[in-house]
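# What the coordinates show
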Amino acid sequence: MSHALDVFGWFDNEYDGEGFRTCSVTSFDVHRSVENYVKLYGVTAVVFLLIGGIFAFTIAMTRWEAIGLLEPGDYYRHLSMHAWSMLIFWIIFMEIAILYVGGPMVLGRKLPAKWAAAAGYVVMLAGSVLIYYSIWTVSGDPTSDNAPLLTAYVPLEINPLFYVSAIVFLIGVTLAALPFLLTLWDEKRENPGKTLPLVTFGAFVAAIIAVQSILGGLIAFGGALAWQLGYAPWFDASIYRQWFWIIGHGTQQINLVAMIVVWYLVTHVIGGAEVVSEKVSRTAFILYLFFIVMGAAHHLMVDPGLSAGWRIWNTSYAFYGATFASLIHAFTIPAGLEAGRRKRGKGGGLFGWLTSAPWRNPVFASSIFAIILFGFLGGITGVLMGQLQLNMSWHNTFATVGHFHSTVVLGTTLTFMGVVYFVIRTMFMREFVSPKLTTLQPYLYSGGMALTALMMMYVGILYGIPRRTAEVVENIPGTDFSIAGAAPLFDVFGLVAIFAIGGGALFVLLAVGSLLFGDRIEPGDGDLAPDGGSTTQQATDSRTIAPRNDLEQAEDPDDPVHAYEMRGTFVLCLIFLAVFVVAYILNWFLLTQLWSIGA
Ligand code: HEM
Ligand SMILES: [Cu+2]
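Residues numbered from 1 in each chain as written. Chains lettered and ligands numbered in written order. Predicted model: local features only at pLDDT ≥ 70, side-chain atom pairs only at ≥ 80, totals over all residues. Heavy atoms only, no water.

An unreviewed UniProt entry lists the chain under the name Cytochrome C oxidase subunit I, from Salinadaptatus halalkaliphilus.

Structure (structure tokens):
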């Protein structure tokens, strides 16, 4: 039965008397309440991705100074719109959907406290609109009304409405996360002896980091608001920065954990991966809990108020606890894919398990490209620039922007695009409007975006091009310092950025197009192959190789998955290590070139 407001038929799946149905791809027992909210948050996220993409175009075309689309004053407004739409709204609306998948859907439960999911949605949306309003109506008067960008550092004079809206948004997120936490509470009370599935466990770790982040955000934004309104006499600039980065860095780690959870799920459901060692993977998630918040200090590496010891300890020593955790996942996820596929007779040679994988499936391809590109481009550069000395050559340059587009775009956004495709097929039950283009889209987007990020890093490291400025190539305003040598590289940057934006636009077209015009898939015939014909076989075995609703169902004790070879993964790890070492040496070499002591 479909609701009167449901004009597109987006919410009209068939359920049994209790409101459940069994998904033919994942075998999850899906309750109507969970599915409907996943759809609602997911579709809303895509709208924000579209808005953010429009501003990606305007700012990229401004940084390409040969085009010089916007005036410097407008640039900040557009940059703020881009950053909030993408990093906050697109990603966090998706993350709420992922929490509902990782919790109630994986556990086969109803969504508890539906009112909180609904209220959270409305409050998050209201917060988003208010943030847009306060960004867009900025007058640019430096004494009262500056563009907030993401960071909104005190003592910049920023419209208090901005801080109010950010707090409203945070309250919305807290409400929206409540049904997930209640699900775990109920599950543990009803089944006290049962461990949570790995995916749910990971999602729970993300939720704990979210609580820490939200607290940091309330202190930073709440304090700044109190100061702006005159209730607090002062808010120390470096203390604000510390609190701000608890949320600024913390939210990135939520993205990281949410994305890793999706990787475990997608490689399992679509690629036939197994978890080789539950203990190892769970330990890695727990390491994040202990070490990840300290990483916030890597944003303060050039701040004068903090001692060198404090900075080094929090970033270069203790924080490696979190890096170590990521390296563990970087091994266990491909190893699980390799061993799982070998166990199912899909191995062959060193890399047969990889070459025979369902590469035409856009959900799978998005996740795998994300794993590779996030690791090689985002991960390695993150460790490099997180080191006190090397930070000197990265800090606030365009290379930093290249680093975080490798993490939040090549990693998170790409992964989440795959999640949207997955939701379209398995929850909206729609065929893709163009299976061919859908297969191609992850290739186009990840290729274009990888080049864009590399160009950002290249101009940043080799020319010291700063971030967050509209004009630098001609000269830095107020100086006669010219970086005109970088102009040809910006031509390359501009072109690859357009290419990447095209790949992103294609995603939005395919997603919205399929939701509006895609044929309905009848229950039972929901294979995940993008183009029925040639890959149906592959999709069928992806379905039959993972017909379970619990990632850690007891396996056959005589045929344990860890007994299968993982030598392909081992070789990949050695390649990764080699690239890491080369990048490390290269960065130190470049640092030594900055100035010659005693010359
Ligand atoms: C094709 C896609 C994209 C292109 C071409 C693009 C391009 C850019 C450019 C040129 C900047 C300005 C850098 C500066 O002047 O400092 C920027 C900033 C930024 N972008 Fe993107 N971007 C894209 C997608 C994304 C996505 C998907 C996300 C997040 C999920 C994202 C997050 C950000 C953030 C957080 C900033 C920094 C804003 C600040 O400094 O406060 N971008 N982007
Ligand atoms: Cu950080």
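Let us keep going from here.
A complete count under the given rule lists 11 salt bridges for this structure. Note that E431 and R425 form a salt bridge whose closest N and O atoms lie 3.0 Å from each other. Given the relative accessible area of 3%, R425 is considered buried. Salt bridges sharing common partners tie together R109, E187 and E190. (Salt bridge = Lys/Arg side-chain N within 4 Å of Asp/Glu carboxyl O. Buried < 20%, exposed > 50% of the residue type's maximum accessible area, 1.4 Å probe, protein only.)

This brings us to the coordination of the copper ion (ligand 2). Bound to the copper ion (ligand 2) on the protein side are H249 (ND1), H298 (NE2) and H299 (NE2), at distances that span 2.0 to 2.1 Å. Here the donor residues for the copper ion (ligand 2) map to a single chain with the spacing H-x48-H-H. (Donors = N, O, S within 2.8 Å, 3.2 Å for Na, K, Ca; no water.)

Take the coordination of the iron atom of ligand 1 next. Taken together, the protein donors to the iron atom of ligand 1 comprise H82 (NE2) and H405 (NE2), at separations of 2.0 Å. Viewed at the metal, the 6 donor atoms of the iron atom of ligand 1 are separated by angles of 87 to 178°, and the geometry they form is octahedral. Of this pair, H82 sits in helix α2 (residues 72–107) while H405 sits in helix α13 (residues 398–426), placing them 323 residues apart in sequence. Comparing H82 with H405, the two get one shared label, buried. (Tetrahedral: all angles 85-135°; square planar, octahedral: opposite > 155°, others 65-115°. Helix = DSSP H or I, 4+ residues; strand = E, 2+ residues; numbered from the N terminus.)

The axes of two packed helices give the description: the angle between them and the distance between them. In the contact formed by helix α6 (residues 237–269) and helix α11 (residues 362–385), the axes pass within 10 Å of each other and the chain directions differ by 130°. As summarised for this structure, α6 and α11 are arranged oblique, according to the angle between their axes. At the point where α6 passes α11, the crossing takes the left-handed sense. Each of L256, M259, V262, W263, V266 and T267 in α6 lies in contact with α11, whose residues at this interface are V363, F364, S367, I368, A370, I371 and F374. (Axes fitted to C-alpha atoms, helices over the stretch in contact; angles between N-to-C directions. Parallel < 35°, antiparallel > 145°, perpendicular 65-115°, else oblique. Left-handed = near helix turned anticlockwise from the far one by under 90°. Contact = heavy atoms within 4.5 Å.)

Below, the discussion takes up the packing of aromatic side chains. Throughout the structure, instances matching the rule amount to 39 aromatic pairs. With 5.3 Å between their ring centres and 55° between their planes, F89 and F169 make a pair best called tilted. Linking F89 in helix α2 with F169 in helix α4 (residues 160–190), this pair joins segments that are 80 residues apart in sequence. Above the face of the F398 ring, R63 is positioned so that its terminal group lies 4.3 Å from the ring centre. In this structure, R77 packs its charged tip against the face of W136, placed 5.6 Å from the ring centre. (Phe/Tyr/Trp six-rings, centres within 6.5 Å; stacked < 30°, edge-to-face > 60°. Lys NZ or Arg CZ within 6 Å of the ring centre and 35° of its normal.)

It is worth spelling out the confidence of the model for the chain at this point. Looking at the chain, the pLDDT average stands at 91 and 93% of residues meet or exceed 70. The least confident element of the chain is helix α16 (residues 532–545), whose mean pLDDT is 37; the most confident is helix α1 (residues 32–63), at 98. (pLDDT = per-residue confidence, 0-100.)

The next subject is α13. In a regular helix each residue adds 1.5 Å, so 29 residues correspond to 42 Å; α13 covers 39 Å between its end C-alpha atoms and thus fits that length. In the structure, α13 departs most strongly from a straight axis at H405, where the bend amounts to approximately 30°. For α13, the buried fraction is high: 28 of the 29 residues fall into the buried class. (Expected span 1.5 Å × (residues − 1). Bend = angle between axes of the 7 residues up to and from the residue.)

A few words on the site of ligand 1. Taken together, 28 residues sit near ligand 1, with R63, Y75, H82, H405 and R468 positioned nearest. Side-chain polar atom of R63 to an oxygen atom of ligand 1: 2.9 Å apart, as the coordinates give it. At 2.8 Å, a side-chain N or O of H82 approaches a nitrogen atom of ligand 1. Put simply, the parts of the chain that give the shell around ligand 1 at least two residues each are α1, α2, α13, α14 (435–463) and α15 (487–517). Looking at side-chain class alone, the shell around ligand 1 contains 21 nonpolar, 4 polar and 3 charged residues. (Near = heavy atom within 4 Å. Polar contact = N/O pair within 3.5 Å; in protein donor to acceptor, adjacent residues only side chain to side chain. Nonpolar A, V, L, I, M, F, W, Y, C, P; charged D, E, K, R; others polar.)

Orientation of helix α9 (residues 320–343) relative to helix α17 (residues 567–592), taken along the N-to-C sense of each, is 150°, at an axis distance of 8 Å. On the basis of the axis angle, α9 is roughly antiparallel to α17. Considering the relative orientation of α9 and α17, their crossing is right-handed. Residues L327, F331, P334, A335, E338 and R342 of α9 lie in contact with α17, whose contacting residues are R567, G568, T569, C573 and F576.

Here the focus is the nonpolar core. With 151 residues, the main nonpolar core has Y41, W90, Y100, Y163, Y240 and F285 as its most contacted residues. No other element matches α2, which puts 21 residues into this core. Within the second largest apolar cluster, 18 residues are counted, among which are A60, M456, I483 and F490. (Core = buried A, V, L, I, M, F, W, Y, C linked by side-chain atoms within 4.5 Å.)

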